[in-house]
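# Architecture at a glance
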Amino acid sequence: MANNNAVVAAAAADEEAVAEDFEAQHIARAVAFLVRQFFETQASPAPCVDDDVRRRTPSAAAPEVFGAAPRPRVPLEMYVYSLARHLPSVRGVLVGGLVYFDRMLARHPKLDVGGYRGCCAVLLACVVLSMKFWIDRDGVNGRVARAAGVPTELVTKHELYLLELLQYDLFVSGEEYAKYNQLLTGASEVCQHVGSYSGSGECDSSDAESGSDAM
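Per chain, residue numbering runs from 1 following the sequence as it is written. A pLDDT threshold of at least 70 governs which residues receive local features in this predicted model, and a stricter bar of 80 or more applies before side-chain atom pairs are shown or counted, although totals over entire chains, interfaces and linings include all residues. With hydrogens and water stripped out, all remaining heavy atoms of the structure feed into the side-chain values.

## Some thoughts on the pattern of salt bridges
It is possible for side chains bearing opposite charge to pair when their charged atoms get close. In plain terms, the rule: For salt bridges, the criterion is a side-chain nitrogen of Lys or Arg within 4 Å of an Asp or Glu carboxyl oxygen. Comment: elements are numbered from the N terminus, with helices defined as DSSP H or I runs of at least four residues and strands as E runs of at least two. Working definition: with a 1.4 Å probe on protein chains only, accessible area under 20% of the residue-type maximum means buried, over 50% means exposed, and in between means partly exposed.
Tallied over the entire structure, the rule returns 5 salt bridges. Between arginine 107 and aspartate 169 there is a salt bridge, and its shortest N-O distance comes to 2.6 Å. In this pair, arginine 107 sits in helix H5 (residues 90-107) while aspartate 169 sits in the loop between helix H8 (152-165) and helix H9 (174-194), placing the two residues 62 residues apart along the sequence. A salt bridge links lysine 132 to glutamate 159; the nearest nitrogen and oxygen atoms lie 2.8 Å apart. Here lysine 132, found in helix H6 (residues 115-134), pairs with glutamate 159, found in helix H8; they are 27 residues apart in sequence, far enough to count as distant. Look at glutamate 159 and you get buried, because its relative accessible area is 7%. Salt bridges linked by common partners bring Arg103, Arg107, Asp169 and Glu176 together as one network.

Following this line, the structure appears as structure tokens:
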């Protein structure tokens, strides 16, 4: 009887793991869809500015700060999936991350983050801030850095810079959360019917596949 109970428990655990993995895959595709869509609804990147203007404009340094991150060798969907598999309360954390991502673009509508690698770096920093705001766990930066395969120090650098771009505004109202949660649900349904979003914006994952930094 004990053996049978152990087998049943193991089977149940396997089913739960499969279900969680399936959910992570669908959420990852939907998040990638929305991130690309957020960029495509923004204005074109700002033109080059002189050093004096750059010093007075924190967002002008974004291509250098975020664009210095290692370039993931996988498409955006797989990058988000690699994070989602290691996140507690995965949906809530990613919804919060989407809020911060879109809020950053709303406040800096001509922001150039430095291509695909910068897009992934921003998303990673958004996930870090969301985890800290919603879950308040220790060791978040190290955990997320390991999942993404990047140095913890770099994640921390990007987190602090993102905080500056957000003007340290991390509060998410119930209405905002509901809005972005609904966006995520809608994007998931779209991805199930038409496949992944194939835009040509800042987060175009063809950069990962071709090895080019050009968007």
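## A few points about helix H7 (residues 140-148)
We count it as follows: The criterion used for residue contact is that any of the two residues' heavy atoms lie within 4.5 Å.
When you tally the buried positions in H7, you get 7 out of 9 residues, the bulk of the element. Of all the positions in H7, only Val140, Asn141, Gly142, Val144, Ala145, Ala147 and Ala148 are classed as buried. In this fold, the buried residues of H7 make contact with helix H4 (76-84), H6 and H8. Once H7 finishes, glycine 149 follows within two positions and takes phi at roughly 75 degrees, a positive value.

## Topic: empty space enclosed by the protein
The condition that has to hold: Cavities and pockets were defined on a 1 Å grid built over protein atoms only: a cavity is a set of grid points that admits a 1.4 Å probe from which the probe cannot escape, a pocket is an open set flanked by protein on both sides within 12 Å along at least five of seven lines, and lining residues are those with an atom within 4 Å of any such point. Grid points are joined across faces, edges and corners, and a volume is the space filled by probe spheres set on the points.
This model, assessed by the stated rule, comprises 2 cavities of 30 Å³ or more. Approximately 70 Å³ is the volume found for the largest cavity. Along the walls of the largest cavity sit Ala69, Pro70, Pro72, Tyr79, Arg117, Cys120, Ala121, Leu124, Val150, Leu154 and His158, which together make up its complete lining. Going through the elements one at a time, H6 and H8 are the ones with two or more residues in the lining of the largest cavity. The dominant element in the lining of the largest cavity, judged by the number of residues it contributes, is H6, at 4 residues. The calculated volume of the second largest cavity comes to roughly 40 Å³. Considering the residues around the second largest cavity, the lining is formed by Leu83, His86, Leu87, Val127, Met131, Arg143, Val144 and Ala147. Going through the elements one at a time, H6 and H7 are the ones with two or more residues in the lining of the second largest cavity. With 3 residues, the single largest contributor to the lining of the second largest cavity is H7.

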